[in-house]
Amino acid sequence: MNLREAWRLSRTPYIELVFRSAVMTRGTMGGFGFGSPARRVKSITRGALVGKVIITAFIALGAVFAFYQFAINRTAAGLVTGVTLSLAISLGYTVLYSLQVLPSFSGAGPYALLSTLPLNRRDLSLMALLSVLRTFDSMIVAAIVVQVVVVAYLTASPLATAVMALASVANSTFGVTVSLVLAGLFQRNITSGGRGKRATLARFLFLISWGLAAASFGFVFSLIQYVFPALASAISGSLSTTSIPIFFSVLHPFSAGLALASIVFPTLASVSPALGLATTLSFVAMGGYLLLAYFAGRKALSITERVSQQQAATIVRQRATEFLLRLRRPIPAYVIKDARIASKNPQTAFVFALPVFETVIIVFSLGQTAVLGSTAIVGATSLGCFFTLISASVLLNTEGSGLDYTFSLPLNARLIILAKSVISTAAYLPVPVVIGVLLAFDQSSELWLVFVPIIQILAVSAASSAELAFFIRSYRKKGGRQTSRGVQTRGLNLLSAGDLARLLGALIVAGGLALGPLGVFAVTSFVTQSGSLAVGLQALVALAELAAVQLYLRRM
Amino acid sequence: MVGSPLTEMKSDVDAKVPVVEAKDVHKNFGTVQALAGLSLKVMPGEIYGLLGPNGAGKSTMIKIITGLSEQTSGEVRVLGLDPRESPVEVKSKIGYVPETTMLYESLSPRDFFEFVVSVRKLDKKTANDRVSKLSTAFGLEEYYDSPIATLSMGTKQKVTIIASLIHEPPLLVLDEPMNGLDAKSSRIFKDVISLQSQQPGRAVVFSTHIMEVAEHLCTRIGIIYKGSIIAEGSMDELRAGVTMSGGRQATLEEVFLHLTHEEEEVAETARALREAFSAPTV
Ligand SMILES: Nc1ncnc2c1ncn2[C@@H]1O[C@H](COP(=O)(O)OP(=O)(O)OP(=O)(O)O)[C@@H](O)[C@H]1O
Ligand SMILES: [Mg+2]
C-alpha cells in the first residue's frame, strides 16, 4: 500500500477514534442532541473539526506572537525567547489537545475492526499511525509553517530558517510521541487495579508526577519571564555566573533558540567565554535532539503498531477472599467514586495536580512582592480561585463511559452537582493554607488578611456549583409542559463547539460569583480603610451567594 | 397530586396495581419512529418477555420504563408512578441491566458496588450479605478487585446483573441479560429471575432473542414489531393462533416468525443463500 492510499484509508479509523473518544466522555445517550444517528455522528465529527480549527488557530497565533519582542527590538535575547516560546507553545498545546482525542486510542477499539481485514502488519500500523497523525495534522502543519515563515521574514537568513525548520519538525515529533506515551501510561493506570499498598503508592506517585508535569507546562510561560532577564544579561556579557546559559543551552526549546540566535548574531559567541561555550553546546544539543526526534518517531511508530495489533498489557489478578463493602452516605460515596475515576483519567487527573500548581503559583506571585498587603493577597487569592474554577468543569468527565449508568441510578442533579463541587472546593483549600503560612512568616504583614482567602472558600463553593449547573441540569418546565425532573448530565468535550460555548458561559458566571466577594473586599477596604468592615462585607456577600446557589439547586 | 403516604407505601406490594402499565406510547427519534402506539401491562408475579426483531423498539421501551428516556406521547406508569415526574423514586424501585455493558471502566467491581449501594442508601449488613452471596454464586472472586475495563464481556454482564439485584427491587428490567453469560451463569440467572417473581408484589420485564429462554421462563410474552405489540399472551395462547401441519405444536420460534411475517422471508433467504453457496466460484 502506498502512502497516499494509506492516508486516504486512515480516515475511517480516525473518525472512529474521534467518535469513541466523544462517547467515552459523554456516553451514548446523553448530550448529542436529537436527530437521526447519522446526523449525530456528523455533529460529533463536525464538532471535532471546529475544535481542531480553534486549537490550530491558537497555536498559529501563539507561535507568531512569541516573536513580538524580537520583531520590535531585534536583540539576540529577543530571538532566543521568541524561538523558545514559539516551540514551547506548539508542543504544549499539541499535547494538551491530544488528551482530548486519544483516550480511546490506547483501548485499541478504533482498530478492532481494521485488524480483522486482510491487511499486512506494516499496512495496518501505517494506517494506525496516520489516523493518529490526522488528529494533529493541522496543528503540526500550522506550527511548522508559521515558525519557518516568521523566522525567514524576520531574519532573512536561509541558514537560520533551515535550523528553525529542523527544530520545528523535531518539536512536532516530540509532541506526537509524548501524547502517545501519555495515553499509554494512563491506559496502564486504568487497567492496573487493586487496593494493595503497592498499587496505591504507585498510583499516588503517578499523580504527583502528573501534577508536576502539568505545573511545569503551565510554568513554561512564566519561566521564560524569569529566565529572560538572566538570558539578556548573559547575552550582554554582564552576567557573572556561567552556569545559567550553559544549563539552558542543552535544554530542548532553548537550545534551538540559542543556536538560531548565534547564526543570526555571529558575534554572540564572542561576548563571553561562557556564552561561547553555550552556543557551541547548543549546536551539539540540536544535533542530539534531531537524533532523539528520529528515535521518538520510531517509538511513536512502535506504539501505534502495538496498539493496532491489540497487544494488551499484562494484567495481574488477585482472588478476593472477602466481599466487604464500605458504605457511605450518597454524597461522600459520589465524591469517592469521582476521585477514584478522576485519578485514572488523563482529562481529569489535572484536578489532583491543582494543589501543587496553586502552591507554586502563589509562592511565586507573593514571593516577588515586597509588602504582603491587601492588594497582593487579593491578587494571589483570585489566581487560586481562577485555577480552581478552570478545573471544576473538568470533573464532568469523571462519568466517562459510565454516564449512561449514572442516569439509571436514583440520583438527582443537585446531589451530583454538590458532590463535584465538594471536590473542586477541596482543590482550592491549599490557597488559604499557603497564604496563611506566607503571612505568618512575614513579620511586617497583617495576619488578619488570611481571612480573605478563607472566606473565599464559600464563594468558590458557590461558584463551582453554579458552573457545574450549566452542564448538569434537570428540566422541569419546557414549553409550559411539565416534563422530566430526571438528570441530564453530560461530559465536557473540548472538541465540541457547543461544549466550548457552554463552558465560556459557565466560566463567566462562576468567575463573577468567585470574584464578587473579593471585589467587595477590595473596594470597601480602599474606600473606608477599615479591614474588619471589608472582611465582614466580603463574608456577607459570599454567604448570600452560597445561599442563593443552594436555593437554586434545591428548586431546579 | 401527591398520594397519601399510606397508598404510596402500599403501592409496591399491592397485587392489583400493575407494576408496569404503558398506554399508546410513541417515541420518535427525528424521522425514525421507534415506538408506534405501544401498550402493555405487567402485573405482580409476572415474568414478562419482550420479543422482537432487531430495531423493533425493545430497548427504547425499556429505557422509557426506567426513566432513562422520555416518550414523545402516551402514558407510562411504574408502580403507579410516572417516570417523567418522579424519576428518582422510579429508579430506586427498579433494578436495571442495560443493553451495553458501559460501566465506569476504571473502577473495580468492589468500588462499583460500594458506589451503587451507597447511592441507593442500603443497609450495610443486608447489602454486604447479598453482594457476597451473589458474587460467590456468579464466581466473581477472581475479578472483584480488577478494573472493569479488563473484564470479559460476560463478567461485565455479571457485574451489572449483581448491581441490579442488590437492593431487592420490586421491578427488574433487563435488556438482553443473557448476553455473554456462560451456561452455568445463565442457569443461576434463570433461577434468580424465577425467585424474584415469586416474592409478593414483584415482577420482571426483560427482552431477549433467545426463544428457548422466553418459552420456559416467561409467564407472558409480548411480541414487538415495528414499535407496537402485535401479539401478547402466555406460550399456550400465542401457540393457539398458529396451526402447524400435522397438528404439531408450534415452537415459539415458529410463532414469532409467523407473527412478524418473516416466515416466507426466511424461506426465500434460505433459497437465495443455497444458490449463492452452490454457485461456481470465479
Ligand atoms: N438514540 C437513538 N437515536 C436514534 N434512533 C434510535 C436511538 N435509539 C434507538 N433508535 C432507533 O429506534 C429503533 C428501535 O431501536 P431499539 O434499540 O429500541 O431496538 P431493539 O428492539 O432494542 O433492537 P435490538 O434487538 O437490536 O436490541 C431503531 O430503528 C433504532 O435505530
Ligand atoms: Mg435492544
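Just so you know, these numbers come straight off a predicted model, no measurement behind them.

Visitor: Quick question: what am I supposed to make of the overall build of chain A here?
Guide: A tally of regular secondary structure across chain A gives 21 helices and 4 strands. For chain A, with 556 residues in total, the buried portion stands at 52%. Long-range contacts, defined here as pairs at least 24 residues apart, represent 79% of the contacts in chain A between residues at least 6 apart. Here chain A displays about 24,500 Å² of accessible surface, and carbon together with sulfur accounts for 69% of that area.

Visitor: Could you clarify how one ought to interpret the coordination of the magnesium ion (ligand 2) in this entry?
Guide: Each donor-metal-donor angle in an ideal tetrahedron of four donors is 109.5 degrees, and each such angle in an ideal octahedron of six donors is either 90 or 180 degrees. All names here are of chain B. For the magnesium ion (ligand 2), the full set of protein donor atoms is Ser59 (OG) and Glu99 (OE), at a range of 1.9 to 2.2 Å. Taken together, the residues Ser59 in helix 2 (residues 58-65) and Glu99 in the loop between strand 5 (94-97) and helix 4 (109-119) connect sequence positions 40 residues apart. On the basis of relative accessible area, Glu99 is assigned to the partly exposed category, the value being 34%.

Visitor: Looking at this model, I keep getting lost on unusual backbone geometry. Mind explaining?
Guide: Phi is mostly negative for residues that are not glycine, and the peptide bonds are mostly trans. Residues and elements named next belong to chain B. Positioned with a positive phi, Asp24 is a non-glycine residue whose angle comes to about 50 degrees. Within the secondary structure, Asp24 sits in strand 1 (residues 20-29). Residue Asp24 is classed as partly exposed on the basis of its relative accessible area, which comes to 44%. Phi is positive for Lys121, which is not a glycine, with a value near 55 degrees. Here Lys121 lies in the loop between helix 4 and helix 5 (124-137).

Visitor: Looking at this structure, how should I read the confidence of the model for chain A?
Guide: Do not read the predicted coordinates in detail wherever pLDDT is low. Averaged over every residue, the pLDDT of chain A is 79; the share at 70 or more is 76%. Counted against residues more than four places away or in other chains, residues 29-35 of chain A, with its pLDDT under 50, gives 20 contacts.

Visitor: Can you walk me through the pattern of salt bridges in this structure?
Guide: Two side chains of opposite charge can pair, provided their charged atoms sit close to one another. Per the stated rule, a full pass over the model turns up 20 salt bridges over all chains. A salt bridge links Arg84 of chain B to Glu75 of chain B, with the nearest nitrogen and oxygen atoms 3.9 Å apart.

Visitor: How should the packing of aromatic side chains be read in this particular structure?
Guide: What describes a pair of aromatic rings is the distance from one ring centre to the other and the angle between the planes of the rings. In total, this model carries 13 aromatic pairs over all chains according to the counting rule given. Their ring planes at 45 degrees and their centres at 6.0 Å tell us that Phe112 of chain B and Phe113 of chain B sit as a pair that is tilted. Members of the aromatic cluster, joined through ring pairs, are Phe323, Tyr334 and Tyr405 of chain A together with Tyr104, Phe112, Phe113, Phe115 and Tyr144 of chain B. Positioned above the aromatic ring of Phe70 of chain A is the side chain of Arg74 of chain A, whose terminal nitrogen or guanidinium carbon lies 5.5 Å from the ring centre.

Visitor: Would you explain the pairing of strand 8 (residues 220-225) of chain B in this entry?
Guide: Looking along a regular strand, one sees side chains alternate from face to face of the sheet. Residues and elements named next belong to chain B. Taking burial as the measure, the 6 residues of strand 8 include 6 buried ones, the bulk of the element. Of the two faces of strand 8, the one carrying Arg220, Gly222 and Ile224 and the one carrying Ile221, Ile223 and Tyr225 are both buried. Note: strand 3 (residues 47-51) against strand 8, 4 bridges, orientation parallel. Looking at strand 8, one finds that Leu51 is bridged to Ile223. As paired strands, strand 8 and strand 9 (residues 228-233) are joined by 5 bridges and run antiparallel to one another.

Visitor: Would you take a moment to explain the site of ligand 1 for this structure?
Guide: In the vicinity of ligand 1 lie 16 residues, with Lys58, Ser59, Thr60, Glu99 and His209 of chain B positioned nearest. With respect to ligand 1, the backbone of Gly57 of chain B contributes an N or O atom lying 2.9 Å from an oxygen atom. For the shell around ligand 1, the secondary-structure elements that each account for two or more residues are helix 3 (37-65) of chain A together with strand 2 (32-42) and helix 2 of chain B. For the shell around ligand 1, the element with the highest residue contribution is helix 2 of chain B, accounting for 3 residues. Residues belonging to the shell around ligand 1 are distributed by class as follows: 6 nonpolar, 6 polar and 4 charged.

Visitor: In this structure, what is going on with the interface of chain B and chain A? I would like to understand it.
Guide: For an interface, size is often stated in terms of accessible area lost upon the parts coming together. Taken together, the contacts link 51 residues of chain B with 48 residues of chain A. Summing both sides of the interface, chain B and chain A together bury roughly 4,800 Å²; the carbon and sulfur share of this comes to 62%. For chain B, the biggest contributors to the area lost against chain A are Met102, Tyr104 and Glu114 of chain B; these three give 14% of the whole. Where chain B touches chain A, the interface holds 4 salt bridges. Among the salt bridges present, the one from Arg328 of chain A reaches Glu114 of chain B, with a minimum N-O distance of 3.3 Å. Looking at the side of chain B that touches chain A, the elements with two or more residues in it are helix 3 (87-92), helix 4, helix 5 and helix 6 (153-165) of chain B. The element contributing the most residues to the side of chain B that touches chain A is helix 4 of chain B, with 10 residues.

Visitor: Could you clarify how one ought to interpret the environment of Ser138 of chain A in this entry?
Guide: Residues and elements named next belong to chain A. The residue Ser138 is located in helix 7 (residues 121-155) in this model. Sequence-wise, Ser138 and Gly175 are 37 residues apart; in three dimensions their C-alpha atoms are separated by 13 Å. Residues in contact with Ser138, not counting those within four places in the same chain, are Lys52 and Thr56. At 2.9 Å, the side chain of Ser138 and the side chain of Thr56 are in polar contact.

Rules used throughout
Residues numbered from 1 in each chain as written. Chains lettered and ligands numbered in written order. Predicted model: local features only at pLDDT ≥ 70, side-chain atom pairs only at ≥ 80, totals over all residues. Heavy atoms only, no water. Helix = DSSP H or I, 4+ residues; strand = E, 2+ residues; numbered from the N terminus. Buried < 20%, exposed > 50% of the residue type's maximum accessible area, 1.4 Å probe, protein only. Contact = heavy atoms within 4.5 Å. Areas by Shrake-Rupley, 256 points an atom, 1.4 Å probe, with all protein chains shown as cover. Donors = N, O, S within 2.8 Å, 3.2 Å for Na, K, Ca; no water. pLDDT = per-residue confidence, 0-100. Salt bridge = Lys/Arg side-chain N within 4 Å of Asp/Glu carboxyl O. Phe/Tyr/Trp six-rings, centres within 6.5 Å; stacked < 30°, edge-to-face > 60°. Lys NZ or Arg CZ within 6 Å of the ring centre and 35° of its normal. Pairing = 2+ DSSP bridges. Near = heavy atom within 4 Å. Polar contact = N/O pair within 3.5 Å; in protein donor to acceptor, adjacent residues only side chain to side chain. Nonpolar A, V, L, I, M, F, W, Y, C, P; charged D, E, K, R; others polar. Buried area = accessible area lost by both parts, 1.4 Å probe.

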